[in-house]
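Below are the chains, spelled out letter by letter.
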Amino acid sequence: MSDRHEHSHSHDHTPAHEHGHRHRHDREHRHGLRHRMGHLLAPHSHETADKVDSALESSARGMRALWVSLAVLGATALAQAAVVAVSGSVALLGDTVHNTADALTAVPLGIAFVLGRRAATRRFTYGYGRAEDLAGLVIVLTIAASAAFAGWTAVDRLLDPRPVAHVPVVAVAALVGFAGNEWVARYRMRVGRSIGSAALVADGLHARTDGFTSLAVLLGAGGSALGWQLADPVVGLLITAAIALVLRDAAREVFRRVLDAVDPALVDRAERALTEVPGVRGVGELRLRWIGHRLRAEVAVVVDGDATVREAHRIAVDAEHALLHAVPRLTAALVHADPEPAPGESDPHLPLAHHVAA
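Counting from 1, residues in each chain are numbered in the order their sequence is written. Local features in a predicted model are, by the rule used here, given only for residues with pLDDT of at least 70; side-chain atom pairs are given and counted only at 80 or more, and totals for whole chains, interfaces and linings are based on all residues. Think of the side-chain values as coming from all heavy atoms in the structure, minus any hydrogens and water.

## Side note on the nonpolar core
Item 1. Counting residues in each nonpolar core, the largest one holds 37 residues, and the members touching the most others are Leu66, Leu109, Phe113, Ile143, Val191, Leu200 and Ile243.
Item 2. The helix count covers DSSP runs of H or I at least four residues long, the strand count covers runs of E at least two residues long, and both are numbered beginning at the N terminus. Secondary-structure elements contributing two or more residues to this core are α2 (48-87), α4 (106-116), α5 (131-159), α6 (167-195), α7 (198-225) and α8 (231-258).
Item 3. Take this core: its biggest share by element is 8 residues, from α8.
Item 4. Remark: nonpolar core denotes a set of buried residues (Ala, Val, Leu, Ile, Met, Phe, Trp, Tyr, Cys) joined through side-chain atoms within 4.5 Å. Only protein chains enter the calculation, and the probe is 1.4 Å; a residue is then buried if its accessible area is under 20% of its type maximum, exposed if over 50%, and partly exposed in between. If you look at the next biggest cluster of nonpolar residues, it comprises 27 residues, including Leu266, Leu295, Val301 and Leu324.

Structure (structure tokens):
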């Protein structure tokens, strides 16, 4: 290369490209006792096999969450369907349809998790992790459809009030529907946040919307039992508004992920880790992006202008190592080493200026 300090460094930690993270631990005394104790208490490796195992483990947890929630919601829907057949409750029928739709949202997520396990190709060089974002969009559309259906049902019942038969049985079925949906919602969101899957979190929010619908059935049935036939549609409209709020939160989370948004606190955390790396004299452009439920980073660091290529390479390796420790679920980083500018020296990136979009 023409400029010995223009060093672009990308790690996928393949066996053919051993950067010796473990054999460099003899230098870790510069990072303090706290860092060394972290290695003793939580031994690890940053090689490809370990990262693949971590990715498969997180995908396996996601698949397990989907299967468990599918079983719980399927059983809930079947129990409610039996009550619908006995009572003829239209409101409970709508709730049963919602629960069935919620269970079926496991299908696009399951496909996304399976695709996410596939290795990168020459066409999909980043792999298939972004399939989760597509699944998240499908789930948002499903929530929107549920809200529209709930609203339409409530308006129809408001215009054409009808009594609810077998109120006690319907009330029990509504409680079963709420309990099943709320348990699944909490489980999906907990696992989704744990593995970094926005789509699974959105799916959990969808389950919560169906729980609200179950409560609407319960409250509406109670109002009907007291002789107020408009109770069911009025409560249904209120729950539709609540579903719309949940839809807003789910859509915001999924669309942020589609647009490569990350928590600014992660950027701050990464910058702090880089500034503590020996040899790094400054941190330039830093980018983080989600690919599925895993993070990748791109960053430029400033090094001594008189450093050799080997020295700049070592600093880049240490910088990536620090990022892997500091940023949760980060699996790879591209580190570019820039020489510290000397007085009167032109910007080495000047030849690239005309390629930058206005």
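Let's pick the thread back up.
## Side note on α6
Item 1. With 29 residues, α6 should reach 42 Å at 1.5 Å per residue; the first-to-last C-alpha distance of 42 Å fits that figure.
Item 2. Looking one or two places after α6, you find glycine 196, whose phi comes out positive at around 80°. Helix span, expected: 1.5 Å multiplied by one less than the number of residues in the helix.

## Let's talk about empty space enclosed by the protein
Item 1. Cavities and pockets were defined on a 1 Å grid built over protein atoms only: a cavity is a set of grid points that admits a 1.4 Å probe from which the probe cannot escape, a pocket is an open set flanked by protein on both sides within 12 Å along at least five of seven lines, and lining residues are those with an atom within 4 Å of any such point. Grid points are joined across faces, edges and corners, and a volume is the space filled by probe spheres set on the points. If you walk through the whole model with that rule in mind, you get 3 cavities of 30 Å³ or more.
Item 2. Empty space within the largest cavity amounts to approximately 190 Å³.
Item 3. Ala91, Ala150, Thr153, Thr213 and Gly236 are the residues nearest the centre of the largest cavity, which is lined by 16 residues in total.
Item 4. The set of elements that each furnish at least two residues to the lining of the largest cavity consists of α3 (90-104), α5, α7 and α8.
Item 5. It is α5 that provides the largest number of residues to the lining of the largest cavity, a total of 5 residues.
Item 6. Residue polarity is assigned by list, with Asp, Glu, Lys and Arg as charged and Ala, Val, Leu, Ile, Met, Phe, Trp, Tyr, Cys and Pro as nonpolar; anything else, Gly included, falls into the polar class. Class assignment for the residues of the lining of the largest cavity results in 8 nonpolar, 5 polar and 3 charged.

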